[in-house]
Amino acid sequence: MKYSLINLKIVTPFIEIKEGFINIEKGIIKDIGYMENYTYEEGYEKLDYKGYMAIPGLIDTHFHGSSGYDFMDGTEEALEAISLSRIKEGVTGIYLTTVSEGFERTKKAIEAFVSIKKKGIKKGSRLLGIHLEGPYISISKKGAQNEKYIRDINFEEINKLINLSEHNVKMVSFAPELKNADKFTAFLVNNNIRPSMAHTEASFPYIEKCYMQGLRHATHLFNGMSPLHHREIGPVGASLLFDDFYVEIIADKIHLSPPMLKLLTNIKDPKYIILITDAIRAQGLNDGTYELGGQKVIVKDKVARLANGSLAGSTLYLNKAIKNMNEETELPITKIVTMATYVPAKFMGINNLYGSIEPGKIADIIITNDNFEIHEVFKEGEIVFSN
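Summarised in this report is the structure supplied together with it. (Residues numbered from 1 in each chain as written. Predicted model: local features only at pLDDT ≥ 70, side-chain atom pairs only at ≥ 80, totals over all residues. Heavy atoms only, no water.)

Summed over the entire model, instances satisfying the criterion amount to 15 aromatic pairs. Ring geometry for Phe21 against Tyr38: centres 5.0 Å apart, planes inclined by 55°, an arrangement best described as tilted. Separated by 17 residues along the polypeptide, Phe21 in strand β2 (residues 16-25) and Tyr38 in the loop between β3 (28-34) and β4 (45-48) bring together distant segments of the chain. Grouping residues by exposure puts Phe21 and Tyr38 together as buried. Between Tyr211 and Phe245 the ring centres are 6.4 Å apart and the planes differ by 25°, which places this aromatic pair in the stacked class. Taken together, the residues Tyr211 in helix α5 (residues 204-211) and Phe245 in the loop between α6 (234-241) and β14 (246-250) connect sequence positions 34 residues apart. Accessibility assignment for this pair places Tyr211 and Phe245 in one class, buried. Through successive ring pairs, a cluster of aromatic residues spans Tyr136, Phe155, Phe174, Phe184 and Phe187. The residue whose ring lies beneath Lys46 is Tyr40, and the NZ or CZ to ring-centre distance is 5.2 Å. Residue placement shows Arg216 over the ring face of Tyr211; its charged tip is 3.7 Å from the ring centre. (Phe/Tyr/Trp six-rings, centres within 6.5 Å; stacked < 30°, edge-to-face > 60°. Helix = DSSP H or I, 4+ residues; strand = E, 2+ residues; numbered from the N terminus. Buried < 20%, exposed > 50% of the residue type's maximum accessible area, 1.4 Å probe, protein only. Lys NZ or Arg CZ within 6 Å of the ring centre and 35° of its normal.)

Set out below in structure tokens:
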């Protein structure tokens, strides 16, 4: 199918075209431009989106569940439901994320991922890979991770999981203060897996040792880690000190306050900030009681917490995170959209295909209004969701 999207604002996200066009052919973006230069070509179906905006399909690198399902359910039914749910918020690519669990349950989840990825979910979010969050983390900074499953780094175990995944494990979050963490970092890098520090109280020297081996990412910055201190900068300070360090943030105005969102974007280059949801199975559902890693989670006013009050993921939508950043920071829309599209794609090494609206890229495009509410979603050049 050939489509010509016309009369719409385009955030590529590198530039903003106030009124432009996008031509799509065989699932690929053929060309884009300003309407004043538009010439209709025979065979294209014209779609007029006057009053709407086009941005690249969103990519969520840290996500657990949605609509009553969780990755750790370990079933194809759960993964299909999650995929179909996420496309409605404009997320065309997801990295399904584990929690600290026993080997067998993690294995089951990975096997379900491999199976359904081979089959494909035509109208759902693309399953880009697996993000292992834990179990090699600090008990003192466990947050909503289940303490009974937290353990030391185990190279034999991680090797088994990587092989079971058929190399779909793309990121591993762990604590740099654990024994052999620097060797673990090197091992992950050598296997083309992104290492990330998380749930950690590591002092700077531990982090620096891992940095020297290729650590370049912090999982949900500020949350699940020691705070910044003037005599020991720890994980927060290291994330800000190293210019080439990527950081995830949960921009729901709960995990990070609005002033912190603004402060972070004032001191950290936006091309190293990644918007995530860290969403759990309660995403899209009413307040109530849910489960995460074998623990009871209570959702009240859309905020998820354990019984002890610890935040337990979120119910955030990624398009809402973009809206929140637009409201709370002074960044141009191009840089904000980049955080949920091109930056995660670049960090994960897939920006040659995804993350921007450019000729030659896969035609994953979402059509929104000015409030970033989803109107339509294109995945590989086909409309897979209309609102």
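Having seen the structure, we can now continue with the description.
Right, let's talk about helix α4 (residues 181-190) for a bit. Along α4, the residues that are buried comprise Ala181, Phe184, Thr185, Ala186, Phe187 and Leu188. At the C-terminal side of α4, Asn192 shows a positive phi close to 55°.

A separate point is the pattern of salt bridges. Counted according to the given criterion, the structure contains 27 salt bridges. Notably, a salt bridge pairs Lys209 with Asp182, separated by 4.0 Å at the nearest N-O pair. A residue pair is termed long-range when its members are at least 10 positions apart, and Lys209 in helix α5 and Asp182 in helix α4 qualify at 27 residues. Salt bridges sharing partners connect three or more residues here, namely Asp73, Glu101, Arg105, Arg281 and Glu291. (Salt bridge = Lys/Arg side-chain N within 4 Å of Asp/Glu carboxyl O.)

Time to look at the environment of Leu178. Positionally, Leu178 belongs in the loop between β11 (169-174) and α4. For the pair formed by Leu178 and Ala202, sequence separation is 24 residues and the distance between their alpha carbons is 8.5 Å.

Okay, the nonpolar core next. Within the largest apolar cluster, 105 residues are counted, with the highest numbers of intra-cluster contacts made by Leu96, Val172, Phe184, Ile249 and Leu275. Residue contributions to this core peak at six residues, all from helix α2 (residues 103-119). In this view, Phe184 contacts Tyr136, Ile153, Phe155, Ile158, Val172 and Phe174; residues no more than four positions away in its chain are not counted. Ranked by size, the runner-up nonpolar core spans 16 residues in total, among them Ile17, Ile22, Ile357 and Ala363. (Core = buried A, V, L, I, M, F, W, Y, C linked by side-chain atoms within 4.5 Å. Contact = heavy atoms within 4.5 Å.)

Time to look at the pairing of β11. When you tally the buried positions in β11, you get five out of six residues, the bulk of the element. Pairing between strand β10 (residues 126-133) and β11: four bridges, direction parallel. Across the sheet, residue His131 finds its bridge partner in β11, namely Met171. In this sheet, strand β12 (residues 194-197) lies alongside β11 in parallel orientation, the contact comprising four bridges. Directly across from Ser173, in β12, lies its bridge partner Ser196. Note on the crossover from β11 through α4 to β12: the handedness is right-handed. (Pairing = 2+ DSSP bridges. Right-handed = clockwise from strand over helix to strand, strands pointing away.)

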